[in-house]
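The lines below spell out each chain.
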Amino acid sequence: YGPDDGILVTDGLTKRFGGLVAVDDLSFAVQEQEILGFIGPNGAGKSTTFNCITGVYPPSDGTVWYRGEDVTGTPFHEMVAGGMARTFQSFRPLEDRTVVENVQISLVPNKLFSTSGLRGGTRARAVELCERVGLGESMHKMPDALPHADMIRLEMGRAMATDPDLLLVDEPFAGLAGQEVEGLSKLMTELRDDGMTLVVVDHNMRGLLSLIDRAIVINFGSKIAEGTPDEIRNDKTVQEAYLGS
Ligand code: ADP
Ligand code: MG
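Residues numbered from 1 in each chain as written. Chains lettered and ligands numbered in written order. Predicted model: local features only at pLDDT ≥ 70, side-chain atom pairs only at ≥ 80, totals over all residues.

All right, on to the pairing of strand 3 (residues 35-39) then. Within strand 3, five of the five residues are buried, leaving the element largely enclosed by the surrounding structure. Judged by which residues are buried, strand 3 turns out to be covered on both faces: Ile35, Gly37 and Ile39 on one side and Leu36 and Phe38 on the other are all buried. Note that strand 3 and strand 8 (residues 197-202) share five bridges and pair parallel. From the neighbouring strand, Ile35 faces strand 8, where its bridge partner is Leu198. (Buried ≥ 20, exposed ≤ 12 C-beta atoms within 10 Å, placed from the backbone. Helix = DSSP H or I, 4+ residues; strand = E, 2+ residues; numbered from the N terminus. Pairing = 2+ DSSP bridges.)

Each strand in a sheet pairs with its neighbour through backbone hydrogen bonds, running either in the same direction (parallel) or in the opposite one (antiparallel). Spatially, 6-7-8-3-9-10 is the arrangement adopted by the six strands of the open sheet, whose pairing is mixed. Of all the strands in the sheet, just strand 6 (84-86) and strand 10 (222-227) have a single pairing partner and so form its edges. Put simply, the sheet's adjacent strands are angled 15° from each other on average, direction ignored. Where helix 7 (residues 178-193) meets the sheet, its contacts fall on strand 3 and strand 8, and the angle it forms with strand 8 comes to roughly 155°. (Axes fitted to C-alpha atoms, helices over the stretch in contact; angles between N-to-C directions. Contact = placed C-beta atoms within 7 Å.)

With that out of the way, let us pick up the domain arrangement of the protein chain. Segmentation of the protein chain into domains returns domain 1 (1-83 + 164-245) and domain 2 (91-163). Placing a centre on the C-alpha atoms of domain 1 and another on those of domain 2 gives a separation of 24 Å. Listed per partner, the contact involves nine residues of domain 1 and ten residues of domain 2. It is helix 7 that provides the largest number of residues to the side of domain 1 that touches domain 2, a total of three residues. Tallied by class, residues from the side of domain 1 that touches domain 2 come to seven nonpolar, one polar and one charged. (Domains from an automatic or database assignment. Nonpolar A, V, L, I, M, F, W, Y, C, P; charged D, E, K, R; others polar.)

So, in structure tokens, the structure goes:
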């Protein structure tokens, strides 16, 4: 894999924690305006891969390219300024701020002004984002009053406040009921249709396969399969990795 194979490309990405190899020589490419599923059992190395891509941890080995540029080990805030955003699996909002204030705090002024002009300042943009992620009715609530599904939407709104063109979403479906999975999938599909690229992590394939364009499956830090939802569904190695889980 090389710099021009996709909007985001890793080659030989490796992360060791002492003797544990959490991400093991992982190479993959994300294509512009696709929803890529990033699937693997618990502990497979999904979050660690996100952490290496977004500069939370420096990788032990390997290269990360974003829009053709080598961004290996680049700090998170620089990646965000370049158009990448992510959600966190263990997201904690500011508890003493309303939903809309939580989104507003994440707005990056220079990006806001360059992409949407001075349209009434950051508050109006935060309101717009709350409506975009389906929190229009709840934006004046405190975060602890939100049901879990809306907490995920708040985390999406917070990530979108930086106006990303690539969004990495870490386990949005964990703990959600079927209907909530559908609602959130619909939002992500709309974002893709508006031009965004999304990488969506899940440990359970079932909810994800109807949403995604393509998937990469990892186990023990290594890629074990890659393809369309149908190819993944019928893959023997994938079925074996999920036996008993
Ligand atoms: P996933 O997100 O796929 O469930 P993780 O990337 O969180 O998996 O974890 C992969 C492996 O790396 C696990 O064995 C986990 O315990 C280990 N790990 C993750 N982060 C750290 C860390 N900061 N220090 C030590 N081990 C870690
Ligand atoms: Mg994880």
